Amino acid sequence: MKVRKLDEDMAILGQPTPATVAELKQAGFAAVICNRPDDEAAGQPRFAEIAAEAERLGMQARYLPVVPGKITPADGAAFAALMDELPKPIAAYCRTGNRSETLWKLARDG
């Protein structure tokens, strides 16, 4: 699992599995944000599976799905609100991490 830090409080990654959530916890992350809609691809773990494992490990999890190429300023504002609300550091994910990075940039620049 490749995790890329954007700053001290935020990192991005591609789709994790419930089993790799423990790696995020071991790396020190306190929360995860899912930016990938459920059922976007066959075989993709659903957010509920990721959230259940995160919560079992004492992490918080939030669902803010966005569609590639259709991210709005409102999505950026919602991401900013999650960044304010959640304990740090946060790992945000989608299929590749690109949508999560776009949301982070919108939230930061918004």
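Residues numbered from 1 in each chain as written. Predicted model: local features only at pLDDT ≥ 70, side-chain atom pairs only at ≥ 80, totals over all residues. Heavy atoms only, no water.

Caption draft 1: Representation of the packing of aromatic side chains within the structure. If you walk through the whole model with that rule in mind, you get one aromatic pair. When the ring of Phe 47 is compared with that of Tyr 63, the centres are 4.9 Å apart and the planes differ by 20°; the resulting orientation is stacked. Of this pair, Phe 47 sits in helix α2 (residues 47-56) while Tyr 63 sits in strand β4 (residues 60-63); the two residues are 16 residues apart in sequence, bridging distant segments of the chain. Sitting over the face of the ring of Trp 104, Arg 108 holds its NZ or CZ atom 4.2 Å from the ring centroid. (Phe/Tyr/Trp six-rings, centres within 6.5 Å; stacked < 30°, edge-to-face > 60°. Helix = DSSP H or I, 4+ residues; strand = E, 2+ residues; numbered from the N terminus. Lys NZ or Arg CZ within 6 Å of the ring centre and 35° of its normal.)

Caption draft 2: Layout of the pairing of strand β3 (residues 31-34). The two faces of β3 match: Ala 31 and Ile 33 on one face and Val 32 and Cys 34 on the other face are all buried. Crossover connection from β3 via α2 to parallel β4: handedness right-handed. Strand direction decides the pairing type here: β3 and strand β5 (residues 90-93), joined by four bridges, are parallel. Directly across from Ala 31, in β5, lies its bridge partner Ile 90. (Buried < 20%, exposed > 50% of the residue type's maximum accessible area, 1.4 Å probe, protein only. Right-handed = clockwise from strand over helix to strand, strands pointing away. Pairing = 2+ DSSP bridges.)

Caption draft 3: Geometry of the nonpolar core. By size, the foremost hydrophobic cluster in this structure holds 16 residues, and its most contacted members are Met 10, Ile 33, Phe 79, Met 83, Leu 86, Ile 90 and Trp 104. Where this core is concerned, the elements lending two or more residues are β2 (10-13), β3, α3 (73-85), β5 and α4 (98-109). Sequence-distant contacts of Phe 79, that is, excluding residues within four places in its chain, are made with Met 10, Ile 33, Asn 35, Leu 64, Ala 92, Ser 100, Leu 103, Trp 104 and Ala 107. In terms of nonpolar packing, the next biggest core, distinct from the first, is built from 15 residues, Val 32, Met 59, Ala 61 and Tyr 93 among them. (Core = buried A, V, L, I, M, F, W, Y, C linked by side-chain atoms within 4.5 Å. Contact = heavy atoms within 4.5 Å.)

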